[in-house]
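# Fold and geometry: a report
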Amino acid sequence: METGEGAGGSGGPDGPGLQFGCASFNQDSTSLALGTKTGYKLFSLTTVEKLDCIHESAETPDVYIVERLFSSSLVVVVSTSMPQRMNIYHFKKGTEICNYSYPNNILAVKLNRQRLVVCLEESIYIHNIKDMKLLKTLLNTPSNPSGLCALSINHSNSYLAYPGSATIGEIIVYDANNLNTMTMIPAHDSPVAALTFNAPATKLASASERGTVIRVFSIPEGLRLFEFRRGMKRYVNISSLSFSPDGQFLCASSNTETVHIFKLEQLGPSGGNEAATWTAYMGKMFSAASSYLPAQVSGMMSQDRAFATVHLLSSGQRNVCTLAMIQKLPRLLVATANGHLFIYNVDPLDGGECTLAHKHRLFGIDDDHGERTESEGSGVTGPAQSCPSYAATAALPASGPVTVTLTGYSEDGGTKRGEVIPEHEFAAGPVCLDDENEFPPINWCRDRTGGGQGRRS
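Description of the structure in this document. Note that this is a predicted model, so its numbers are computed, not measured.

### Some thoughts on unusual backbone geometry
- Here the bond from Ile-219 into Pro-220 is cis, since omega is 15°, no more than 30 degrees from zero.
- Tracing the chain through its elements places Pro-220 in the loop between strand 19 (213-218) and strand 20 (224-229).
- With phi around 65°, Met-132 is a residue other than glycine that occupies positive phi space.
- By the secondary structure assignment, Met-132 is in the loop between strand 11 (123-128) and strand 12 (133-139).
- In this model, Ala-201 sits at a positive phi of 65°, which is unusual for a non-glycine residue.
- For Ala-201, the position within the fold is in the loop between strand 17 (192-197) and strand 18 (203-208).
- On the basis of relative accessibility, which here comes to 2%, the residue Ala-201 falls in the buried class.

### A short note on the side chain of Asn-26
- By the secondary structure assignment, Asn-26 is in the loop between strand 1 (20-25) and strand 2 (31-36).
- Here the side chain of Asn-26 touches Thr-30 through a polar contact of 2.8 Å, landing on its backbone nitrogen.
- A polar side-chain atom of Asn-26 sits 2.8 Å from the main-chain carbonyl oxygen of Phe-70.

### Details of the sheet that holds strand 11
- Strands sit in the order 9-10-11-12 across an open sheet of four strands; the sheet is antiparallel. Looking at which strands have only one partner, the edges of the open sheet turn out to be strand 9 (108-111) and strand 12. Taken pair by pair, the neighbouring strands of this sheet meet at an average axis angle of 15°, ignoring direction.
- Relative to strand 10 (residues 115-119), strand 9 runs antiparallel, the two being bridged by four bridges. Looking across to strand 10, one finds that Leu-111 is bridged to Leu-116.

### Things to note about the sheet that holds strand 21 (residues 238-243)
- Judged by pairing direction, the sheet is mixed, and its five strands sit side by side in the order 21-22-23-24-28 without closing on themselves. Either end of the sheet is taken by a strand with one partner, and the two such strands are strand 21 and strand 28 (352-353).
- Strand direction decides the pairing type here: strand 21 and strand 22 (residues 249-254), joined by five bridges, are antiparallel. Bridged to Ser-242 within strand 22 is Cys-251.

### So, the nonpolar core
- Membership of the largest hydrophobic core comes to 24 residues, with the highest contact counts inside it found for Met-86, Ile-88, Ile-106, Val-109, Leu-116 and Val-118.
- Within the residue set of this core, elements represented by two or more residues are strand 5 (63-68), strand 6 (74-79), strand 7 (82-90), strand 8 (95-101), strand 9 and strand 10.
- When neighbours within four sequence positions are excluded, Leu-116 is seen to be in contact with Val-76, Met-86, Ile-88, Val-109, Lys-110, Leu-111, Tyr-125, Ile-126, His-127, Ile-129 and Met-132.
- Residues Leu-45, Cys-53, Val-320 and Ala-324 belong to the second largest nonpolar core, which totals 18 residues.

### Details of the packing of aromatic side chains
- Counted according to the given criterion, the structure contains six aromatic pairs.
- Ring geometry for Tyr-102 versus Tyr-125: centroids 4.9 Å apart, planes at 65°, classification edge-to-face. With Tyr-102 in the loop between strand 8 and strand 9 and Tyr-125 in strand 11, this pair connects stretches of sequence that are 23 residues apart. For the pair Tyr-102 and Tyr-125, one class covers both residues: buried.
- Between Phe-226 and Phe-228 the ring centres are 5.8 Å apart and the planes differ by 10°, which places this aromatic pair in the stacked class. There is no split in this pair, since Phe-226 and Phe-228 are both buried.
- Within the aromatic cluster, the residues linked to one another by ring pairs are Tyr-100, Tyr-102 and Tyr-125.
- The ring of Phe-70 has Arg-113 lying over it, and the distance from NZ or CZ to the ring centre is 3.8 Å.

Criteria and cut-off values
For every chain, the first residue of the written sequence is number 1, and numbering continues from 1 along that sequence. Side-chain atom pairs in this predicted model are given and counted only at pLDDT of 80 or more, local residue features only at pLDDT of at least 70, and totals for whole chains, interfaces and linings cover all residues. Derived side-chain values reflect all non-hydrogen atoms in the structure, with water molecules and hydrogen atoms excluded from consideration. For helices the rule is a DSSP run of H or I covering at least 4 residues; for strands it is a run of E covering at least 2, with both sets numbered from the N terminus onward. Buried means the residue's accessible area, taken with a 1.4 Å probe over protein chains only, is under 20% of the maximum for its type, while exposed means over 50%, and partly exposed covers the values in between. As used in this structure description, the phrase polar contact means that two N or O atoms lie within 3.5 Å; if the pair is within protein, one of them must be able to donate a hydrogen and the other to accept it, and residues adjacent in sequence are counted only when both atoms belong to side chains. Think of it this way: DSSP has to see at least two bridges between two strands before they count as a pair. The convention used is that axes are lines fitted to C-alpha atoms, helices contributing only their stretch in contact, and that angles between N-to-C directions extend from 0 to 180 degrees. Nonpolar cores are built from buried Ala, Val, Leu, Ile, Met, Phe, Trp, Tyr and Cys residues. Side-chain atoms within 4.5 Å join them into one set. It only takes one pair of heavy atoms within 4.5 Å for two residues to be counted as in contact. Centre distance within 6.5 Å is the pairing criterion for rings of Phe, Tyr and Trp, where only the six-membered ring of Trp is used; planes under 30 degrees apart are then read as stacked, over 60 as edge-to-face, and the remainder as tilted. Lysine NZ or arginine CZ positioned within 6 Å of the ring centre and within 35 degrees of the ring normal marks a charge as sitting over the ring.

Dropping the structure here:
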């Protein structure tokens, strides 16, 4: 699922260097990717008590973007040492699939089973993930210095959302499969700060830079369905939004100590048992009163508050949150910039304050001194050497990479222009993601031709 911007110390290619630069959950929240000063790590999230490191690479320093495609071996990495280059690896084989360079720093990379999207400050590149062909370049997009965008995980409805304005909260929803703009949503008065789709891509949640109101819209129509008020006392920086797998809940984390979980339920006479709840009663009362209250007041009063909350130990640090089913129970996961993963139990019936199920240390001083044990709650199983390094598993190609220059694609649906996009480089040798039961079966094998896209034949 989409989780908005990742947690991290660097915050991008120009940020200060801390112990790690980013943390991101994969599309179905079954793994956690961590970009560090020495490379990146991938952790499995199948159990609460154990946090298994399934891969560790020390080949690329200062990683500030790392994204894994579901549970496949495809992982995308961007480093502050080369912030304009995106490297794509088959990490189980220790092989580089390809690398793409762009005219400016890469601010975000999003993947689903159909598309790979690269977001720069004023342009967006859309690739076909099966052969990495560049399908579309969206040029002169509104200034987007944080690289904010969201890509639905449903490859049948491969929707891309990104800010439509640098000054107000407009959202452009783009069909990345059919390569056309679907709708523009006037979501907020101030610029958008967070975006996420639900799993089937029928809903889009957003928050603005003020961080007080979170809104949910229908997709593709763009109709406002829900409004949730995070708080009224202060503006906050919401950095992460995520729907639950069933789409019934939405979590939001910010630079405060509180993570909010909202329940997407319609309040009113048709709500059945929900009508008997205090929240539903108040919702009906404010709805009835809205006919004679001023619009600004009635709008504020009709918004729901959090169904459940989590209070972190500290505030002011970046984090990323997600809702997932682990061991058949709903959990809230929060990865924080100080290198911890918190897993909370969520009561789907009564909500309230979530209980901490486990706290895992992702890295830290204890790792260097060998003091970490399971009894201390680190939860990271096995010694560091249990995660094979990239260098230890790399299958070195027989020859150097092939460098090609490709013709760019314009806004009008892929017609070739004379303009040249940045250099594209592909690793030599046959590379197929042929792991059993894994996606994608990328066809970069020796019996395929390049097709004008620079693949190694």
